[in-house]
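# Secondary and tertiary structure notes
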Amino acid sequence: MKNYFTLVLLLVMGLTTACSSLRKFDKVETTMVDRYKIVYKDNKCGLYDTQADSLVTAIKYDALRYGRTATEQGLEFTVWVGEMKDYEGMIVIESKTNEPMEIMFPKR
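### Comments concerning unusual backbone geometry
A positive phi angle, near 55°, is found at aspartate 42, a position not held by glycine. Considering the arrangement of structural elements, one finds aspartate 42 in the loop between β2 (36-41) and β3 (44-49). On the accessibility criterion, aspartate 42 (58% relative accessible area) is exposed. Even without being a glycine, asparagine 43 presents a positive backbone phi close to 65°. For asparagine 43, the position within the fold is in the loop between β2 and β3. Judged by relative accessible area, asparagine 43 falls into the exposed class, the value being 72%.

This is the structure:
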């Protein structure tokens, strides 16, 4: 009986931890790609990978929106459009490694 209680307690702790990972953000917005969510904290946003359970970008953007998913030379990636105070551009996330590449230009 003691082992059963311990097993149930560990299961409840694991579920609580898993469910609370996204609660550290003010808002979570779903996107067209189930894997990624846009998370908000203090009026800024960033990209969160639900499979890896981690942030992919810093929470520094004023706005983010999904662009497209593509495959080029055997690499699969998602393209996002990002905006910061004086800049706008693209954020490209390589799907296997979650490696981000940011290209930002000054707003005109």
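### Quick notes on the sheet that holds strand β7 (residues 87-94)
The antiparallel open sheet is built from 4 strands, whose spatial order is β5-β6-β7-β8. Looking along the sheet, the strands with just one partner apiece sit at the ends: β5 (63-72) and β8 (100-106). Going across the sheet, the axis of each strand differs from the next one's by a mean of 20°, ignoring polarity. As paired strands, β7 and β8 are joined by 7 bridges and run antiparallel to one another. Paired with glycine 89 across the strands is methionine 104, a residue of β8.

### Things to note about the environment of isoleucine 38
Relative to the helices and strands, isoleucine 38 is located in strand β2. Overall, the relative accessible area of 2% leaves isoleucine 38 in the buried class. For isoleucine 38 and lysine 27, which are 11 residues apart along the polypeptide, the C-alpha to C-alpha distance reads 8.3 Å. Apart from the residues within four sequence positions on either side, isoleucine 38 is in contact with Lys27, Val28, Glu29, Thr31, Cys45, Gly46, Leu47, Leu64 and Trp80.

### Concerning the pattern of salt bridges
Here the structure, examined in full by the defined rule, presents 4 salt bridges. In this structure, the salt-bridge partner of arginine 35 is aspartate 49, at a minimum N-O distance of 3.0 Å. Here arginine 35 is found in the loop between β1 (27-30) and β2, whereas its partner aspartate 49 is found in strand β3, with 14 residues between them in sequence. With a closest N to O distance of 3.2 Å, lysine 107 and glutamate 83 form a salt bridge. Of this pair, lysine 107 sits in the segment after β8 while glutamate 83 is found in strand β6 (residues 75-83), placing the two residues 24 residues apart along the sequence. A relative accessible area of 35% means that lysine 107 is categorised as partly exposed.

Definitions and limits used
Residues numbered from 1 in each chain as written. Predicted model: local features only at pLDDT ≥ 70, side-chain atom pairs only at ≥ 80, totals over all residues. Heavy atoms only, no water. Helix = DSSP H or I, 4+ residues; strand = E, 2+ residues; numbered from the N terminus. Buried < 20%, exposed > 50% of the residue type's maximum accessible area, 1.4 Å probe, protein only. Pairing = 2+ DSSP bridges. Axes fitted to C-alpha atoms, helices over the stretch in contact; angles between N-to-C directions. Contact = heavy atoms within 4.5 Å. Salt bridge = Lys/Arg side-chain N within 4 Å of Asp/Glu carboxyl O.

So yeah, pure geometry; function would need other evidence.
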